[in-house]
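Overview (structure and organization)
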Amino acid sequence: MMTHPLLPKLRQLKLGGMVQTLDVRASQAIERQLTPTEFLALVLDELGEHEQALAELDRCRAQDAESVEVRVNRGAVLAALGRYTEAERELLEVLEQAPTSGEAYFNLGLVTARRGRWDSAAPHFARAIELGTGRAAAHYYLGEALNHVDDLPGALQAYQRAVELAPSNPRAYYGMGMVLDRMNRPDEAAQAYRRSRALKTR
């Protein structure tokens, strides 16, 4: 009997206590009506097998060149591979086709942030949130971007919202602490840092 090459990796996920990752991806696959190939690509990307994920997404794109879902995921995987120019081009083309894709804006924000273009990244994250991509990560990265461009009140608000949505995220508390420090609010900053450290040690 042949064994699927992904099976050992899936077993590693279970041994690492990360089976919830597969459950989440499976739920997404059902909700978004992903093909088995798209689902496999998402799992491979989650496992850090970005080259294999890209190959699977290219197969999907060959079958349906207009799929926004596939192209957004492809942009994200290209970014994970450090191929930022290609990733940015892919995501900009997606937004020409689907200008209300919050996921495309979110991933475009990540790409521009990784290239150090925080002033460009901030409006992408803000637009993603406006379009309904309101998960904690979008608010966290908006906070990061606004902190880098010295919009401290905006950054603090974004970090606070990220903490509301994901209260166990130590990075959001740490970012909040940095902003509060910069705003000369040391007592509140110290409290945010303590919370961040406590969450890291769990």
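This text goes with the structure placed above it.
What counts and what doesn't
- What you see as residue numbers is a count from 1 along each chain, following the sequence as written.
- Confidence filtering applies because this is a predicted model: local features only for residues at pLDDT of at least 70, side-chain atom pairs given and counted only at 80 or more, and all residues used for totals across whole chains, interfaces and linings.
- Note that water and hydrogens are dropped before the side-chain values are worked out from all heavy atoms of the structure.
- Under the scheme used here, helices are H or I runs from DSSP no shorter than 4 residues and strands are E runs no shorter than 2 residues, and both carry numbers assigned from the N terminus.
- For every residue, the accessible area obtained with a 1.4 Å probe (protein chains only) is divided by the maximum for its type, and the residue is called buried under 20%, exposed over 50%, and partly exposed between those limits.
- A contact between two residues is defined here by any heavy atoms of the two lying within 4.5 Å.
- Residue-level accessible areas treat just the shown protein chains as cover; the underlying method is Shrake-Rupley with a 1.4 Å probe.
- One fewer than the residue count of a helix, multiplied by 1.5 Å, yields its expected span.
- Contacts described as polar in this section are N or O atom pairs within 3.5 Å, which, within protein, must combine one atom able to donate a hydrogen with one able to accept it, while residues neighboring in sequence count only if both atoms come from side chains.
- Residues belong to one nonpolar core when they are buried, are Ala, Val, Leu, Ile, Met, Phe, Trp, Tyr or Cys, and are joined through side-chain atoms within 4.5 Å.
- Each salt bridge in this description consists of a side-chain nitrogen of Lys or Arg and a carboxyl oxygen of Asp or Glu lying within 4 Å of one another.

Okay, the overall build of the protein chain next. What the protein chain contains, in helices and strands, is twelve helices and zero strands. The secondary structure elements of the protein chain, listed N-terminal to C-terminal, are α-α-α-α-α-α-α-α-α-α-α-α. In the protein chain, buried positions account for 43% of the 202 residues. Across the protein chain, the fraction of contacts at a sequence separation of at least 24, relative to all contacts at a separation of at least 6, is 44%. Of the accessible surface of the protein chain, which amounts to about 11100 Å², a share of 50% is contributed by carbon and sulfur atoms.

Attention now goes to the environment of Ala198. Note that Ala198 resides in helix H12 (residues 186-200). Classification of Ala198 by relative accessible area gives partly exposed; the value is 34%. Taking the C-alpha atoms as reference points, Ala198 and Pro170, 28 residues apart in sequence, are found 8.1 Å from one another.

Turning next to helix H10 (residues 152-165). With 14 residues, H10 extends 20 Å from end C-alpha to end C-alpha; this agrees with the ideal 20 Å at 1.5 Å per step. Of the residues making up H10, those classed as buried are Leu152, Gly154, Ala155, Leu156, Ala158, Tyr159, Ala162 and Val163. The inward-facing, buried residues of H10 contact helix H9 (136-148) and helix H11 (170-182). You can read the cap of H10 off the contacts: a side-chain oxygen lies 3.0 Å from the backbone nitrogen of Gly154, and it is on Asp151.

Bringing the nonpolar core into the picture now. By size, the foremost hydrophobic cluster in this structure holds 46 residues, and its most contacted members are Phe125 and Met176. If sequence neighbours within four positions are ignored, Met176 has contacts with Leu156, Tyr159, Gln160, Val163 and Ala192.

Its 13 residues place the ends of H11 19 Å apart at the C-alpha level, agreeing with the 18 Å of an ideal helix rising 1.5 Å per residue. Taken residue by residue, H11 has Pro170, Ala172, Tyr173, Gly175, Met176, Gly177, Val179 and Leu180 as its buried positions. Where H11 is buried, its residues contact H9, H10 and H12. Among the residues of H11, the N-terminal cap falls to Asn169, whose side-chain oxygen and the backbone nitrogen of Arg171 are separated by 3.0 Å. Positive phi shows up at Asn184, right after H11, with a value of about 60°.

As enumerated under the stated definition, the model contains 15 salt bridges in all. The partner of Glu86 in a salt bridge is Arg83, and the shortest N-O contact between them spans 2.9 Å. In this structure, the salt-bridge partner of Arg185 is Glu188, at a minimum N-O distance of 2.8 Å. Judged by its relative accessible area of 29%, Arg185 falls in the partly exposed class. We classify Glu188 as partly exposed; its relative accessible area is 37%. One salt-bridge network, held together by shared partners, links Asp58, Arg61, Arg71, Arg74, Glu90 and Glu93.

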